[in-house]
Amino acid sequence: MINFLHGMQTYELFRFVGIRIYFGVIKKEAAQVVSVTPLSAPRHFVLTMKSAHLASHSRPGHFIAVAADTGSAILRKPFSVYTVNPDAGEISILFSVYGPTTTAMSRMLPGDSIDVLGPLGGRIFDPEPIKGIHHILVGGGYGVPPLNYLAKTIRASAPDAMVTVIIGARTANLLVGDDDLLDAGVEVIYCTDDGSAGVHGRVTDALLPLLKSDSRVYTCGPTPMMKAVGELSEAHGVDCQVSLETFMPCGVGICVGCVVKMRDGVFSRTCTDGPVYPGCEVAW
Amino acid sequence: MSTVNMTVQIGSLKMRNPVTTGSGTFGFGSETKDLVPLDRLGAVTVKATTRERRLGNPPQRIVETASGILNAIGLQNGGIDDYLANKAPYLRGFDCPIIVNVPGENPNDFAYVVERLTAAGAADAVELNLSCPNVSHGLDYATDPQLAASVVAAVRKVTSMPVIAKLSPNVTDIRVIAKACEDAGADALSMINTVVGTAIDPRKRKFRLANITGGLSGPAVKPIALLAVWRCYNTVKIPIIGMGGIACPLDAIEFMLAGATAVACGTGNFVDPTLSLEVIDGIEKYCVENGFADVNALIGAVTAA
Ligand SMILES: Cc1cc2nc3c(=O)[nH]c(=O)nc-3n(C[C@H](O)[C@H](O)[C@H](O)COP(=O)(O)OP(=O)(O)OC[C@H]3O[C@@H](n4cnc5c(N)ncnc54)[C@H](O)[C@@H]3O)c2cc1C
Ligand SMILES: Cc1cc2nc3c(=O)[nH]c(=O)nc-3n(C[C@H](O)[C@H](O)[C@H](O)COP(=O)(O)O)c2cc1C
Ligand code: FES
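These notes cover the structure that comes with them. (Residues numbered from 1 in each chain as written. Chains lettered and ligands numbered in written order. Predicted model: local features only at pLDDT ≥ 70, side-chain atom pairs only at ≥ 80, totals over all residues. Heavy atoms only, no water.)

Re the nonpolar core
Now for step 1: Counting residues in hydrophobic clusters, the biggest one holds 114 residues, and the most contacted among them are B:Y83, B:L117, B:L128, B:L130 and B:I283.
Now for step 2: With near-sequence residues (within four places) excluded, B:L117 lies in contact with B:I80, B:Y83, B:L84, B:V100, B:V102, B:A122, B:A123, B:V126 and B:M161.
Now for step 3: Core analysis: the second largest hydrophobic core is formed by 26 residues, A:V163, A:A169, A:L181 and A:Y218 among them. (Core = buried A, V, L, I, M, F, W, Y, C linked by side-chain atoms within 4.5 Å. Buried < 20%, exposed > 50% of the residue type's maximum accessible area, 1.4 Å probe, protein only. Contact = heavy atoms within 4.5 Å.)

Notes on the site of ligand 1
Residues and elements named next belong to chain A.
Now for step 1: In the neighbourhood of ligand 1, 18 residues make up the surrounding shell, with P78, L94, T101, T102 and Y142 lying closest.
Now for step 2: Measuring from an oxygen atom of ligand 1, one finds a backbone N or O atom of P78 at 2.6 Å.
Now for step 3: The backbone of S80 places a nitrogen or oxygen atom 3.0 Å from a nitrogen atom of ligand 1.
Now for step 4: In the complex, 77% of the free accessible area of ligand 1, which totals 920 Å², lies under the protein chains.
Now for step 5: Listed by contribution, the elements that provide at least two residues to the shell around ligand 1 are β7 (77-80), β9 (90-96) and α2 (100-106).
Now for step 6: Ranked by residue count, the leading element in the shell around ligand 1 is β7, at four residues.
Now for step 7: Among the residues making up the shell around ligand 1, the classes are represented as 10 nonpolar, six polar and two charged. (Near = heavy atom within 4 Å. Polar contact = N/O pair within 3.5 Å; in protein donor to acceptor, adjacent residues only side chain to side chain. Areas by Shrake-Rupley, 256 points an atom, 1.4 Å probe, with all protein chains shown as cover. Helix = DSSP H or I, 4+ residues; strand = E, 2+ residues; numbered from the N terminus. Nonpolar A, V, L, I, M, F, W, Y, C, P; charged D, E, K, R; others polar.)

Thoughts on the sheet that holds β7(A)
Residues and elements named next belong to chain A.
Now for step 1: If you walk across this open sheet you meet the seven strands as β7-β6-β10-β4-β5-β9-β8, and the pairing is antiparallel. At either end of the open sheet lies a strand with only one pairing partner, and these are β7 and β8 (83-85). Neighbouring strand axes in the sheet, compared pairwise and without regard to direction, differ in orientation by 35° on average.
Now for step 2: Examined bridge by bridge, strand β6 (residues 63-67) and strand β10 (residues 113-120) share four bridges and lie antiparallel to one another. Looking across to β10, one finds that F63 is bridged to L120. (Pairing = 2+ DSSP bridges. Axes fitted to C-alpha atoms, helices over the stretch in contact; angles between N-to-C directions.)

The following block contains the structure:
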């Protein structure tokens, strides 16, 4: 399927195995910060910014790269698009404070400008809801924000779609990004390593009983988690889309430093050949 | 319309302005098409193209260090056949000279790739990567004047395109290599390639790069690069393309003052893919503000403190 929408300045090249090739037009801009809101999880924030461009071009699986004044750390850092509000021309990202970029972001004030590049990503999630399919989204850590966006997108385009989000964390107070999912009619299952909330155990413990021939799995989070989810799905003959969040020095395909090995032996650039891959393509 | 003459000359290669891209830091030109119209660049220097396709090194390939990055990509590229079939046609769609970076394991490899490029008219100049520290034997040619000269001479025989020898800073005296390349027929020099180094994760007690060693680039290497340019400028007569840590227009001006005829934006592209455009505009503005009618007047114009 080739569908060039030059008027909208986005172009969808083709789709296969349920994964879309969908490059938004990349733009660098100084967006205005609307708000930086702390979440109940310690050191977690949601940063909302004004960007008509990102709000109209971002899709679930896309990310943006932020450059902050971080002294000797020179690289931009990638963040998944978390929410999109095309009417207000706003998008938001959800982050936890890690190092210099996220520290700087946590201190930004409304009205400040934030240097962003995006939307980035080549292959992204295909949220096209097929009737009767049970969409199971499995996330942990900073894999939760893009899945939250994906879950809401699926529900918005097909209100009768069955969507379950499984969120894993070490402990209860690190669980993030869920309130709006319940509002959107998404089933949410928590898993904690220490049993302080939801299922006591790993996300795969919650996933296993749900896997049926009509399931489709999407996962994003720490690599060991995605590997386990990918392998479990594959063993049950279920399609699984994995979003690989490797270290991405440039985000636009020019450094070849973000690669992951594929089963055919080739090193693939996660920023532009991904970040979303069919789980069965990845040599974990 | 500005009145500054921005054109510079690298051998027979005419550049509309002194700014190109560092090989391996700008892909093959199409990746950032939304951001950088190629016909604004003085030239585009594309990623290394080898005789055979190369898969490259396993990850982790790049790590961030203070004011720079260490990389060990291992020359991942589709090989000369892929370049001619899939990359060159795109690049030729723009009014922008193409400089192809060519590594090799022996002089024949270099000559083979350059011959193919010449026959196909798929480049306007070649840059010999004498100094890629990330592949076995890759360093040899840049650290020994005779070996470096042998590669330049082998390539000189098979092409009339400008031949640019790219030098490594990982030597005792870069001037010796520079002179050897000039004598062997190089039309220009480019410098510096990355500085070898490594990084360790103390918590995991492991090397951070799968390849152990990598090449340091970015602002951290700029002082090393500037001195290399200044020393070679005073040693050879052929033009120099200066690079190493350029992150803003004034960095590029420093390179020109040290003796570079042209400059390349490298790692800075990762931070801001539009850096080269900013540098072009900034150089022109600097010339206007400081009363230079010709950008060439900047070359080597630094004086003692
Ligand atoms: C496609 C993509 C999407 C992302 N989305 C989000 C998001 O939505 N929300 C979010 O909070 N983060 C997200 N991340 C992760 C985020 O980009 C990194 O954590 C980033 O490095 C933070 O920048 P910093 O300057 O604050 O910290 P840095 O200085 O980069 O990191 C501080 C320390 O953490 C370590 N570190 C950094 N990244 C990683 C990693 N991936 N794995 C292990 N150690 C690491 C570094 O080695 C360093 O020691 C995403 C990453 C990718 C690739
Ligand atoms: C990720 C990466 C890949 C590179 N690949 C090549 C290459 O293929 N051939 C080459 O001659 N130089 C290569 N270089 C070196 C750059 O072209 C440049 O000489 C060096 O990085 C110094 O400039 P900078 O500090 O502006 O990056 C590479 C550098 C980086 C960071
Ligand atoms: S992050 Fe640079 S190529 Fe993917």
